[in-house]
Amino acid sequence: MIKLRFQVLLLFYCGLVFTTYGQTESDLGKNNLTYDYSFYQGERAAGGEILSQGFVLGFSRYLTKKVYGDITLGFMNFEGRNSQFFLDPEEMSFLNMRILTIGGGYDIFQSREFILSGELAYLRQSNEMLLVNEPNYRETGISIDSSARLRLKSRFFITENLQGLISYSHGFGLSRYKSDWLSLGIGYSF
């Protein structure tokens, strides 16, 4: 069921991107590529804390003068604490957490040098953890969680196309993980 919802969201987002592909810049604005270094702190509903950091690649496309669609893909290294589900570092790969968001944003404030935006997105994260721990059987694998994420993002223009980025995000923890993010990065508009 979650897989089907994810596929429907992805198809919807791709449809929005492709319907704007032929538009000119003066009609809808610009595309934007971003690279963020993110610091992530989360809590698992069944107990335990996650500290993580890594990089997130993103693409956004303006649909109107202030509204845009956004997709990001992140690769992070997390450490789990205070939970029986978390593995020891030697049991996991280095980039042991993946993040995917698909959503949209609205520019709250726009000027030539600065843009402040709010975003709401579907958040999917997966990480390596202990799935089953019985006396004679132990299984590790990938745990997947889906939620919603609210983000406040600021862009400072260094040149006409290059920006510095600072953002704060909150993952609502609708299923397993509640999270807070701080991200620093760069963006390029074209």
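Residues numbered from 1 in each chain as written. Predicted model: local features only at pLDDT ≥ 70, side-chain atom pairs only at ≥ 80, totals over all residues. Heavy atoms only, no water.

Colleague: Looking at this structure, I do not really get the overall build of the protein. What am I missing?
Modeller: Of the regular secondary structure elements, the protein holds two helices and eight strands. Each helix (α) and strand (β) of the protein, taken in turn from the N terminus, gives the series α-α-β-β-β-β-β-β-β-β. Of the contacts made within the protein by residues no fewer than 6 positions apart, 60% connect residues no fewer than 24 positions apart. Roughly 10700 Å² of accessible area belongs to the protein as shown, and the carbon and sulfur atoms make up 62% of that amount. (Helix = DSSP H or I, 4+ residues; strand = E, 2+ residues; numbered from the N terminus. Contact = heavy atoms within 4.5 Å. Areas by Shrake-Rupley, 256 points an atom, 1.4 Å probe, with all protein chains shown as cover.)

Colleague: What's the story with the sheet that holds strand β8 (residues 177-189) in this structure? I'm lost.
Modeller: Hydrogen bonds between backbone atoms are what pair the strands of a sheet, whose relative direction is either parallel or antiparallel. Spatially, the eight strands close up into a barrel ordered β1-β2-β3-β4-β5-β6-β7-β8, and their pairing is antiparallel. Strand-to-strand twist of the sheet, defined as the mean angle between neighbouring strand axes without regard to direction, takes the value 25°. The sheet contact formed by strand β7 (residues 162-171) and β8 spans 10 bridges and is antiparallel. Following the sheet pairing, Ser167 is matched in β8 by Ser183. (Pairing = 2+ DSSP bridges. Axes fitted to C-alpha atoms, helices over the stretch in contact; angles between N-to-C directions.)

Colleague: Even after reading the chapter, I still don't get the packing of aromatic side chains, so can you show me in this structure?
Modeller: Where two aromatic rings form a pair, the distance of their centres and the angle of their planes describe that pair. Applying the stated criterion across every chain, the model contains nine aromatic pairs. Seen in terms of ring centroids, Tyr40 and Trp181 are 5.1 Å apart; in terms of plane orientation they differ by 80°. Their pairing is edge-to-face. Here Tyr40, found in strand β1 (residues 31-44), pairs with Trp181, found in strand β8; they are 141 residues apart in sequence, far enough to count as distant. According to the relative accessible area criterion, Tyr40 is buried, its value standing at 2%. Taking relative accessible area as the criterion, Trp181 reaches 2% and is therefore assigned buried. (Phe/Tyr/Trp six-rings, centres within 6.5 Å; stacked < 30°, edge-to-face > 60°. Buried < 20%, exposed > 50% of the residue type's maximum accessible area, 1.4 Å probe, protein only.)

Colleague: Help me understand unusual backbone geometry in this model?
Modeller: Leave glycine aside and you will find that most residues have negative phi; peptide bonds, for their part, are mostly trans. In the Ramachandran plot, Asn82 falls in the positive-phi region, its phi being about 60° despite a non-glycine side chain. The residue Asn82 is located in the loop between β3 (67-81) and β4 (97-110) in this model. Overall, Asn82 belongs to the exposed group, its relative accessible area being 66%.

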